[in-house]
Amino acid sequence: MGKKKTLGLVRGTREAVIKFYENFEKFDVHFIAGSFRPFTYKSSKKNFKFINLPFYKPFGIDPAGVLKQRGNLSWIFIKGLEKNLQGCDVVSITDTYYFFNLQAVIWAKKNKVPVVTVIWTTIPHHITSWFPPYSYITRKVIKATDLFILRSKSALKFTDSLGIPRQKTKVIYKGVDLTRFSPAVTSHNSQVIKILFTGNLSRAKGLDDLLLVYQDLKDRYLNLRLIIAGDGELAKEVRRLSLDLRGRIDFRGFVPYHKLSSLYQEADIYCAPSKFRKFLGIKLWEEYFSYALMEAQASGLAIVATKTGGIPEEVGKNSLLVAPGDREGLKKALERLIVDKRLRKRLGQENRKQAEKLFDAKTQAKKTEDAILELL
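So, how was this worked out
- One numbering rule holds for all chains: residues counted from 1, following each sequence as written.
- Where local features are concerned, this predicted model is filtered to residues with pLDDT of at least 70; where side-chain atom pairs are given and counted, the filter is 80 or more; whole-chain, interface and lining totals use all residues.
- Working from all heavy atoms in the structure, the side-chain values ignore hydrogens and water.
- Helix and strand definitions here come from DSSP, where helices need a minimum of 4 consecutive H or I residues and strands a minimum of 2 consecutive E residues; each element is numbered from the N-terminal end.
- Atoms counted for the radius of gyration: C-alpha only. Globule rule: 2.2 Å times the number of residues to the power 0.38.
- Contact criterion: two residues are considered in contact whenever any of their non-hydrogen atoms come within 4.5 Å of each other.
- Note that accessible areas follow from Shrake-Rupley with a 1.4 Å probe, and for residues the cover is restricted to the protein chains shown.
- Only four residue types enter the charge count: Lys and Arg as positive, Asp and Glu as negative, with His and the chain ends excluded.
- Note that the charge is assigned to NZ on lysines, CZ on arginines, CG on aspartates and CD on glutamates.
- Nonpolar cores were defined as sets of buried Ala, Val, Leu, Ile, Met, Phe, Trp, Tyr and Cys residues, with membership established by side-chain atoms within 4.5 Å.
- The classification of residues rests on relative accessible area computed with a 1.4 Å probe and restricted to protein chains. Under 20% of the type maximum is buried, over 50% is exposed, and intermediate values are partly exposed.
- Two strands form a pair only when DSSP identifies at least two bridges running between them.
- We call a crossover right-handed when, viewed with both strands directed away from the observer, the connection leading from the first strand over the helix to the second proceeds clockwise.
- Lines fitted to the C-alpha atoms define the axes, with helices restricted to the stretch that makes contact. Angles between their N-to-C directions range from 0 to 180 degrees.
- Angle categories: roughly parallel below 35 degrees, roughly antiparallel above 145, roughly perpendicular from 65 to 115, and oblique for all the rest.
- Each crossing is labelled by how the near helix is turned from the far one, with a counterclockwise turn of less than a right angle marking it left-handed and a clockwise turn marking it right-handed.
- The term salt bridge refers to a pairing of a side-chain nitrogen on Lys or Arg with a carboxyl oxygen on Asp or Glu at a separation within 4 Å.

Caption draft 1: The arrangement of the overall build of the chain in detail. Within the chain, the regular secondary structure consists of 14 helices and 16 strands. Relative to its length of 376 residues, the chain is compact, with a C-alpha radius of gyration of 21 Å against a globular reference of 21 Å. Projecting the C-alpha coordinates of the chain onto the three principal axes gives extents of approximately 65 × 50 × 40 Å. Expressed as a percentage of contacts within the chain between residues at least 6 apart in sequence, the contacts between residues at least 24 apart total 65%. As presented, the chain carries roughly 17,700 Å² of accessible surface, and 52% of it is formed by carbon and sulfur atoms. Between the mean site of the 65 positive side-chain charges and the mean site of the 37 negative ones, the chain shows a separation of 3 Å.

Caption draft 2: Quick look at the nonpolar core. Within the largest apolar cluster, 59 residues are counted, with the highest numbers of intra-cluster contacts made by Tyr21, Phe24, Phe31, Tyr264 and Tyr270. With six residues, helix H10 (residues 291-298) is the single largest residue contributor to this core. Excluding its chain neighbours within four sequence positions, the residues that come into contact with Phe24 are Leu7, Val29, Lys45, Asn47, Ala365, Thr368, Glu369 and Ile372. Of all hydrophobic cores here, the second largest spans 34 residues; its members include Leu210, Ala235, Leu245 and Leu337.

Caption draft 3: Seen up close, the pairing of strand E9 (residues 193-200). Inspection of the sheet shows E9 paired to strand E10 (residues 224-231) by eight bridges, in the parallel sense. Along E10, the bridge assignment pairs Leu196 with Ile227. Between the parallel pair E9 and E10, the chain is carried across by helix H7 (residues 207-220), and the sense of this crossover is right-handed. Across two bridges, E9 lies against strand E12 (residues 269-272) in parallel orientation. For Leu196, the partnering residue across the bridge sits in E12 and is Tyr270.

Caption draft 4: Layout of the packing of H7 against helix H8 (residues 235-244). Between H7 and H8, whose axes approach to 11 Å, the crossing angle comes to 15°. Considered as vectors, H7 and H8 are oriented roughly parallel to each other. You can see that H7 and H8 cross each other, and the crossing is left-handed. The residues of H8 that touch H7, namely those facing Leu207, Leu211 and Gln215, are Glu237, Val238 and Leu241.

Caption draft 5: Just the pattern of salt bridges, in detail. All told, the structure shown has 22 salt bridges when counted by the stated rule. The residue Asp160 makes a salt bridge to Arg166 at a minimum N-O spacing of 2.5 Å. As a salt-bridge pair, Glu287 and Lys205 come within 3.0 Å of each other at their nearest N and O atoms. Within this pair, whereas Glu287 is found in the loop between strand E14 (282-286) and H10, its partner Lys205 is found in the loop between E9 and H7, the two being separated by 82 residues in sequence. Within this structure, Asp216, Arg220, Glu328, Lys331 and Glu335 form a network of salt bridges that share partners.

Caption draft 6: Region of the structure containing the sheet that holds strand E2 (residues 27-35). Here eight strands make up an open sheet; going across it, the order is E4-E3-E2-E1-E5-E6-E7-E8 and the pairing mixed. The strands lining the two open edges of the sheet, one partner per strand, are strand E4 (77-78) and strand E8 (169-171). Here two bridges tie strand E3 (residues 48-56) to E4, and the two strands are oriented antiparallel to one another. Of the residues in E4, the one forming a bridge with Tyr56 is Phe77. Sheet strands touched by helix H4 (residues 99-110): strand E1 (5-11), E3, E4, strand E5 (90-94) and strand E6 (115-119). Its angle to E5, the strand with the most contacts, is close to 160°.

Structure below.
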C-alpha cells in the first residue's frame, strides 16, 4: 500500500464542515481554515490535521464591509496559506469568488497540483461572475479547476451559466452525522407543540415572516411554543419578543454545534422560511442547500420550508413548501402540522428515511473522496 496522498482543504471554521471531512479515509487531510480570531479544533483522526490561519486585508480595507456585504464577499486573504499548502497533492476550495481562493489556485497551478472546486451556488449568472473584482477571481478559478463537485443538481444552473462543461462536474450531496442527528428516543409532551428555527436571524432567512405568523398562531393555539437559536440582524427583536411574550418564544441565542442535536430533539416542527438576499435589486443569495434542513430531516422532524434555491430538491416531497414571503401560506402550512399529530409523525419518519438514503455523512464523504481520487 503506497503512501496516502495529501488533500489541502481551504475553508472557514464552520464545525459541521470540519466534521464532514473527518470522514475521509483515503487521504491525509490538511484542513486549512481562515478566521479573524484564533479557532481551535481537536480531531481524533490520525489522517486529519486542522490548521487555523489568520485572515488579513491585503489592501488595508474591505469594501464589502463598507457596503454591509461583509462575509463571503469580503476582500480578505489567508496569511501563510501558500506555505501550509506545501506538500499537498490536491487543493480543494469552495465556490468561485472568495479572495483567498485566488491565493489557493495560483499556488496550485504554479506547483502543478489539481484543483477541486465545491459549488453550492444555484443562482445563474451570479453577480460574482460578471462584477469585478469577483469576476476576475471566478475566471481564474474556473480555468484552474480540474473537477467541480456540485452539492446539488440545482447548482448546475450556476455552472451551466458560466459555460463549465458538464463532464467536469459531479453532483454529490453533502451529509450529516446520522448518529449525532437522530429522532428523539422518547416522545414529547403532547400538550406542547414546539416549532424550531435555527441559523442566521435575518430577513433573508425569512425569520421576519415566521415571527409575524407565529404571533397570530400563538393566540389560536395556547400550547404552541417557538424556539429560536442563532444570531444576526434580528437578534434584538427576537430577544424583545421573547421577553414580551413570557416564554411563548424561547430564544436560545447562539447554540454550539455539539448541542444542536439535542435542540432538534426538543422540537416537533422545523421551519425554514428562507427568501433571498438582494443588493441594488440583484440577487446575491438564496438557500443553496441547507445544513440545517439535512440535520432536521435526520432528526425526524416534520418540515415547513419555501420553494426557493435548492430547498425543493433537498427536502423532496415529504415536507410542506410555500412560496418565499407568502406569510398566509406559511401560516396555513404550520397550522396543518400543529393540528395533525399523525401527519407530523408520518412526515418526520419519511424525512428520516430520506436522510438515511441521501445525507449520510460517511457515505457522502466516501463519494466525494473517490471523485477527487480519480484526478490522481
